[in-house]
Every structure is written in C-alpha cells, then in structure tokens.
Amino acid sequence: MPELRELYQELILDHGKRPRNFGKLEGANCQANGYNPLCGDKITVYVNVDDNIIQDLRFEGVGCAISTASASLMTEKCKGKSLQEAETLFHLFHELLTGEVGEESAAELGKLSVFSGVKEFPVRVKCATLPWHTFRSALQGIGEVVIKE
Amino acid sequence: MIPSGTTSQVRMPASEPLSAFNVWRVREDFPILKTQVYGKPLVYLDNAATSQKPQGVLDALNRFYAQECANVHRGLHWLSELATQDYEDARVKVQRFLGAAEAREIIFVRGATEAINLVAHSYGRKYVQAGDEILITAMEHHSNIVPWQILCQEQGARLRVAPINDAGELILEEFQKLLNSRTRLVAVGHVSNALGTVNPVRQIIQMAHNHNIPVLVDGAQAVPHLKVNVQELDCDFYAFSGHKFYGPTGVGVLYGKVRWLEEMPPYQGGGDMISAVTFEKTTYNSLPYKFEAGTPHIAGGIGLGAAVDYVSEVGLNQIAAYEHELLAYAARQVSRIPGLRIIGTAREKAGVISFVLEGLHPHDIGTILDREGIAVRAGHHCAMPVMERFGVPATTRASFACYNTQEEVDALVAGIQKVQEVLA
C-alpha cells in the first residue's frame, strides 16, 4: 500500500481526473500523435512555438491516470519555456523515473517530482513518458511516435 | 519412420472421472499456486494468456531432458527410439482427445498462431486467388485476422468480417449473408479471448459446408474449457496452443482433415519433411511430417501429451461444469460493484470476464490488483477491433482455469473495491 499511495498521489489523481490544457489547440504549428500499442494509450500533443518559446501547449487522447496526469502536468510546466528548457526538462523527467535525480534537479522539476513513485513500477514508466516523447516528437517535426514495450 | 517394439504408454482418457471435482485437490497439482506475491497469496486470473502447469507436465519435461533426450525420427539408437515413441504417443493422445480419425491429422506446431499461419500460407496460396474472399468474425484475436490480411494482400483477395451484436455474439444472419461463391475459407474462433463468447461453431460449419466452404476453428480458448470433437464438429481445421491448456509454451496443434492436408503444399522446407532430396527435385514426406520441418519441440510435444493426460484424468466434463459455475458466480459478484460494466454478455460464455470501471483505466486497475497478489490482464487482449466495437480503449480481464476458486473471485471483488478506494 505505501508504494501505491506513493504512485497515486493526490496531485496525480487530480490531474488524471481533471486534466488541464485538455483539448485541441487551434492554430498549433507543431503536433504529434503518441501511441502505446500495449495498453492502447493514445495522445495528441499540440504546440505553438514562436520566437523559440513554447507559447501554448495542449493535449487530447485516452490513457490511464498516470499518462493523463503526466500530460496535464507537462503542459502546465512547459508553457512559456524555451525549447532548450523543455529539452532539459524532458531529460530530467526521464532521470526522475529511472531514479537518478539529484536534489537540485528535483527542485527544477517542481510539481513533476510527484512522479518519482513511478520508478517502483517499471512497467508503468512508459505511461508517464508517453506524453513527453510525443511532445518532443512534435517539436522535432516528427508526426508520430510509438512506444514499444 | 516410427520405431516399433517399445511399450506404448498412451493412457486413454477416462470417460467418467473417478471422483467428484475437488478444486482443492486440483490445486495441489500446481506447484506455482503456492507462490506469495508482495506477501499475499497469488490469485492467478490470467489463464486466457497462459495457464499454469501441473506437476505431471513439469515431470514429463524433466524426464525427457534427464532420461530420454535425443532427436526424433532419425536415430537408429535406443534413446532416439525412446524419444520418438514418446513424441508419437503424444500425437496419439492429442488425436484421441480431439476425436480425430487419424494421428497423421495432428500436426505439431509452435502454437495456435503458427497453426493458422500454416493454413493461410499453405491452403491459402493454393486455393485463394484474386477476387476470392476469406470470412472471419468481428471478435477474432489478431492471430486469426493478420495471417488472412497478409494472404489477401498477396493474392488480391478480400477479407470479409461478420459482425457481432452488443452482447458480443456473432450475428448469424449477417454471417449467412456473407457466405458466397467467392468465399474460400471461414476462419472463426471457438471461444473469444476478449469476451468469452462461445461461438456456435457446429452451426457455423454446417452453414459454410452448405456452400462447400471449408472452416478453420481457432480453438485456443476453447480446448481448456469444453469438450471438443473435431469429427462431430466436422471442421476442416482446428488450431490450439499447448500453453493455454496446462501444457508447455512453444507447442501447439493443427488438426486438419487428411483430404486437405494431402492436397496442401508444405509450409516450411527442411529436414524431416522430405523423403528424398536431389538438387533437381524433392519428394515430400507423408503426413504429418510433410508439415513438420526441422527438429520439432520434442519435449513440448511430450509435455502436451502429459497435459492431455492430466485433463483427461481430472475430466473435461467435470472441469467444464465447475468452471461454468465459477464463471456465473464471478459474473454475479463483480456486477454488484458500482460503476462496473461487463464487456461481453453472450448467453454462452467460457472462461472470461472482461470489464470496465467507470472513470478508471484498466492499467491503473491492473497495477493495484497486482499489489494485492491478483494477476489479471489489462489492455486490448490482442483484439483491438473488439475494443473498437465496444468503444473502449482497453478492458480488464479476469480469466479462469480449473484451479480457481470462489475465494479467489471474492479476492478479486475486494481488490476492485481497493482500486476504487485508492483511485477515489
């Protein structure tokens, strides 16, 4: 039970049920579809980049509590960030899920640290990273990303 | 070439089991059921993915490797004769178990998937031409969809799909309408892995045969749960996997009527499937070896034979009656849970309860149940078109075997309540 509570924290359950920035972003200049064929999670991430800054960021799709909350918190965190900052966050988030993150990095991740419990559930890591991979693909002009188990 | 002279150890299936079905006694036969998961007793409800193995099967595998390991059908030496005898005995056990007319109608393959691919490759390339049709149903497992899709693409044929109703039952009138002079084969699951629906295969086969169309039955989910007799069904092909039937992984069976198997070209080329080879011409071996190129999964075949022995000893009719009761109990208990909806409510069902919980994703459900020691499957169950038909991305599936108990169903119900508590 303690691991489960650590995984399904209030913040994750809240964002899982009431995702922020959910729905299509009209006029997005980058977008990508992410798909995890094993669990059927599907996500589309819409980004509006201008002057090297992520002006707006939204998503839609179907997924578990972990992937939905991850997408929701990702959009909150990355809005207004530069492309370089977003790339850094992508890597930090990955490190958080594989359990190699220092205190300083944890501070930088802020609310995203809530996902640290996922590392105790290796099969669920891909749920949390699917939105980030999709986001990154959108920025790199890759239209589709498929996560393989 | 089958050596003779050694004593056959084929045990005939008992027509009536000696004692009444005792699930606690049955559980003793499966060592893995004593496992603790996160400090809790394992509740294994993922039997449609693979079943656990009784001690008799484990012993058969061990005995082969420890005492009689040799290649089959080639050696003149004692060990090879012994291995060949046991391997061929296993074929006879399967033949009798399925009620097939002859042992040479039993082809050992890797599993149901390979059995279907064999038919798609061999029957398909000989009999399916441009403009022809293959008919399947909307509840098939990917393994009974994709081989036909590949065949149709290659031959310029068309894959037709008979629809199902909201309960997850095949709509027979629609199926009937799709049978026509271009239909070259009907391929249908006996029991749906995602919904648990038992298809009326006898009727389906009759309908197809009225149009002279042969029928392949994918029996992967049926053989562990209900008595199958291929001659009574009159199916042309029947496929199943050993590992869902208390046997080893990596071995399965294709039954085919001699008439078709004789006419069909080989599936793979290699050793064992030939009788003479020159660089100009190869003469193929007789049945069933024509379809068994290379060294087979000998231990697996023998292990599957042991699984047949085991199921025959316990009694498939007893198992079917017990599981029917258990499934009904499980359906009653889980449907009392608020917000739970069972996907697949056919009148005839076997082995499976697929469900969705309002507002909760199967992956989250699966993770929390796992921490309670309960193994279920969460996902699309290799039947994505079925998920689409019911408008859900995935379901949670509890699937049963002869060793599951009412207490385990109660544990599942308590586990689901825990899920709702944690995710509330």
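Computed from a prediction, not measured in an experiment: that's the story for all the values here.

### Considerations on the overall build of chain A
Inference 1: Of regular secondary structure, chain A possesses 6 helices and 4 strands.
Inference 2: Projected onto the principal axes, the alpha-carbon positions of chain A cover approximately 45 × 35 × 25 Å.
Inference 3: Counting over 149 residues, chain A shows a buried share of 48%.
Inference 4: Within chain A, contacts between residues at least 6 apart in sequence are counted, and of these 60% link residues at least 24 apart.
Inference 5: Accessible area for chain A stands at about 6700 Å²; split by element, carbon and sulfur atoms hold 49% of it.
Inference 6: Distance between charge centroids for chain A: 6 Å, based on 16 positive and 21 negative side chains.

### With respect to the sheet that holds strand β3 (residues 53-62) of chain A
Residue and element names in this part refer to chain A.
Inference 1: Reading across the sheet, the 4 strands line up as β3-β2-β1-β4 and stay open at both edges, with mixed pairing between neighbours. Each of the sheet's edge strands pairs with one partner strand only, and the pair in question is β3 and β4 (144-146). Along the sheet, successive strands turn relative to each other by an average axial angle of 20°, direction set aside.
Inference 2: In terms of strand pairing, strand β2 (residues 41-50) meets β3 through 9 bridges, oriented antiparallel. Its bridge partner being in β3, T44 is matched across the sheet by E60.
Inference 3: Strands in contact with helix α6 (residues 125-139) are β1 (30-36), β2, β3 and β4; relative to β2, the strand with the most contacts, it is inclined by about 40°.

### Side note on the pairing of strand β7 (residues 183-189) of chain B
Both faces of the sheet carry side chains from a regular strand, because those side chains alternate between them.
Residues and elements named next belong to chain B.
Inference 1: Counting buried residues along β7, 6 of its 7 residues qualify, which places the element largely inside the surrounding structure.
Inference 2: Of the pairings in the sheet, the one linking strand β5 (residues 133-137) to β7 comprises 3 bridges and is parallel in character. Across the sheet, the residue bridging to E133 is T183, located in β7.
Inference 3: Examined bridge by bridge, β7 and strand β8 (residues 215-218) share 4 bridges and lie parallel to one another.

### Thoughts on the pattern of salt bridges
Residues and elements named next belong to chain B.
Inference 1: Taken as a whole, this structure holds 27 salt bridges over all chains when the rule is applied.
Inference 2: Residues E292 and R91 are paired through a salt bridge, measuring 2.8 Å at the closest nitrogen-oxygen approach. Taken as a pair, E292 in the loop between β12 (282-284) and α10 (298-314) and R91 in helix α3 (residues 78-98) lie far apart in primary sequence, 201 residues in all.
Inference 3: For E292, a relative accessible area of 4% translates into the label buried.
Inference 4: Put simply, K177 and E174 hold a salt bridge, and the shortest N to O gap is 3.1 Å.

### Considerations on the sheet that holds strand β17 (residues 395-399) of chain B
Residue and element names in this part refer to chain B.
Inference 1: Taken in spatial order, the 4 strands make up an open sheet running β13-β14-β17-β16, and their pairing is antiparallel. Each edge of the open sheet is held by one strand with a lone partner, namely β13 (340-343) and β16 (377-379). On average, each strand axis in the sheet is inclined to that of its neighbour by 30°, with strand direction left out of account.
Inference 2: Across 4 bridges, β13 lies against strand β14 (residues 352-357) in antiparallel orientation. Note on β14: the bridge partner recorded for I343 is S354.

### Topic: the interface of chain A and chain B
Inference 1: Every contact between the two is made by 23 residues of chain A and, on the other side, 16 residues of chain B.
Inference 2: Of the roughly 1600 Å² buried between chain A and chain B on both sides combined, carbon and sulfur atoms contribute 58%.
Inference 3: Here chain A is connected to chain B by 2 salt bridges.
Inference 4: Between B:R371 and A:E3 there is a salt bridge, and its shortest N-O distance comes to 4.0 Å.
Inference 5: At the boundary of chain A with chain B, the tally comes to 9 residue pairs in polar contact (both at pLDDT 80 or more).
Inference 6: Those elements that provide at least two residues to the side of chain A that touches chain B are α1 (2-7), α2 (10-17) and α3 (65-78) of chain A.

### A few points about the domain arrangement of chain B
All names here are of chain B.
Inference 1: In terms of domain boundaries, chain B breaks down into domain 1 (78-312) and domain 2 (316-422).
Inference 2: Contacts between domain 1 and domain 2 engage 28 residues on the former and 31 residues on the latter.
Inference 3: Counting the surface lost from both domain 1 and domain 2, the interface buries some 2300 Å², and carbon and sulfur atoms represent 58% of this.
Inference 4: Three residues stand out in domain 1 for area buried against domain 2, namely H142, L195 and H225, and they jointly supply 26% of the buried area on that side.
Inference 5: Counting the contacts that link domain 1 with domain 2 gives 2 salt bridges.
Inference 6: Here R347 ties to E169 by a salt bridge, and the two come within 3.1 Å at their closest N and O atoms.
Inference 7: Where domain 1 meets domain 2, there are 17 residue pairs in polar contact (both at pLDDT 80 or more).
Inference 8: Of the residues belonging to the side of domain 1 that touches domain 2, the class tally is 15 nonpolar, 9 polar and 4 charged.

### Focus on the side chain of A:S82
All names here are of chain A.
Inference 1: Structurally, the position occupied by S82 is in the loop between α3 and α4 (83-98).
Inference 2: Under the relative-accessibility criterion, S82 is labelled buried at 14%.
Inference 3: Those residues in contact with S82 that lie beyond four places of it in its chain are N52, I53 and I54.

### Let's talk about the environment of A:K119
Residues and elements named next belong to chain A.
Inference 1: Relative to the helices and strands, K119 is located in the loop between α5 (103-109) and α6.
Inference 2: Along the chain, K119 and H91 lie 28 residues apart, while their C-alpha atoms are 15 Å from each other.
Inference 3: Dropping the residues within four chain positions of it, K119 is found in contact with L96, L97 and G99.

### Considerations on the packing of aromatic side chains
All names here are of chain B.
Inference 1: Following the criterion strictly, the structure yields 18 aromatic pairs over all chains and no others.
Inference 2: In textbook terms, an aromatic cluster arises when at least three aromatic residues are bridged by ring pairs, as seen for F30, F97, F240, F245, Y246, Y310 and Y403.
Inference 3: Its guanidinium or amino end placed over the ring of W260, R259 lies 3.9 Å from that ring's centre, counting from NZ or CZ.

### Topic: the side chain of B:R91
Inference 1: On the basis of relative accessible area, B:R91 is assigned to the buried category, the value being 1%.
Inference 2: Leaving out residues up to four positions away in the same chain, B:R91 has contacts with B:H73, B:A103, B:I106, B:I107, B:F108, B:P288, B:Y289 and B:E292.

### Brief notes about helix α7 (residues 201-209) of chain B
Residues and elements named next belong to chain B.
Inference 1: Looking at α7, one finds that the buried residues are V201, I204, I205, M207 and A208. On an axial view of α7, the arc spanned by its buried residues comes to 160°, and they lie on one face.
Inference 2: Those residues of α7 that are buried are in contact with α6 (172-178), β7, β8 and α8 (230-233).

### A short note on the nonpolar core
Inference 1: Of all hydrophobic cores here, the largest spans 154 residues; its most connected members are A:Y8, A:I66, A:F115, A:F135, B:L98, B:V186 and B:Y238.
Inference 2: Here this core gets 10 residues from one element, more than from any other, and that element is α10(B).
Inference 3: No fewer than three residues from each of domain 1 (78-312) and domain 2 (316-422) of chain B sit in this core.
Inference 4: Setting aside residues up to four positions removed in sequence, B:V186 forms contacts with B:L135, B:F175, B:L179, B:I204, B:A208, B:I213, B:P214, B:V215 and B:L216.

Procedures and definitions
- Residues numbered from 1 in each chain as written.
- Chains lettered and ligands numbered in written order.
- Predicted model: local features only at pLDDT ≥ 70, side-chain atom pairs only at ≥ 80, totals over all residues.
- Heavy atoms only, no water.
- Helix = DSSP H or I, 4+ residues; strand = E, 2+ residues; numbered from the N terminus.
- Buried < 20%, exposed > 50% of the residue type's maximum accessible area, 1.4 Å probe, protein only.
- Contact = heavy atoms within 4.5 Å.
- Areas by Shrake-Rupley, 256 points an atom, 1.4 Å probe, with all protein chains shown as cover.
- Lys, Arg positive; Asp, Glu negative; His and termini not counted.
- Charge placed at Lys NZ, Arg CZ, Asp CG, Glu CD.
- Pairing = 2+ DSSP bridges.
- Axes fitted to C-alpha atoms, helices over the stretch in contact; angles between N-to-C directions.
- Salt bridge = Lys/Arg side-chain N within 4 Å of Asp/Glu carboxyl O.
- Buried area = accessible area lost by both parts, 1.4 Å probe.
- Polar contact = N/O pair within 3.5 Å; in protein donor to acceptor, adjacent residues only side chain to side chain.
- Domains from an automatic or database assignment.
- Nonpolar A, V, L, I, M, F, W, Y, C, P; charged D, E, K, R; others polar.
- Phe/Tyr/Trp six-rings, centres within 6.5 Å; stacked < 30°, edge-to-face > 60°.
- Lys NZ or Arg CZ within 6 Å of the ring centre and 35° of its normal.
- Arc of directions from axis to C-beta.
- Core = buried A, V, L, I, M, F, W, Y, C linked by side-chain atoms within 4.5 Å.

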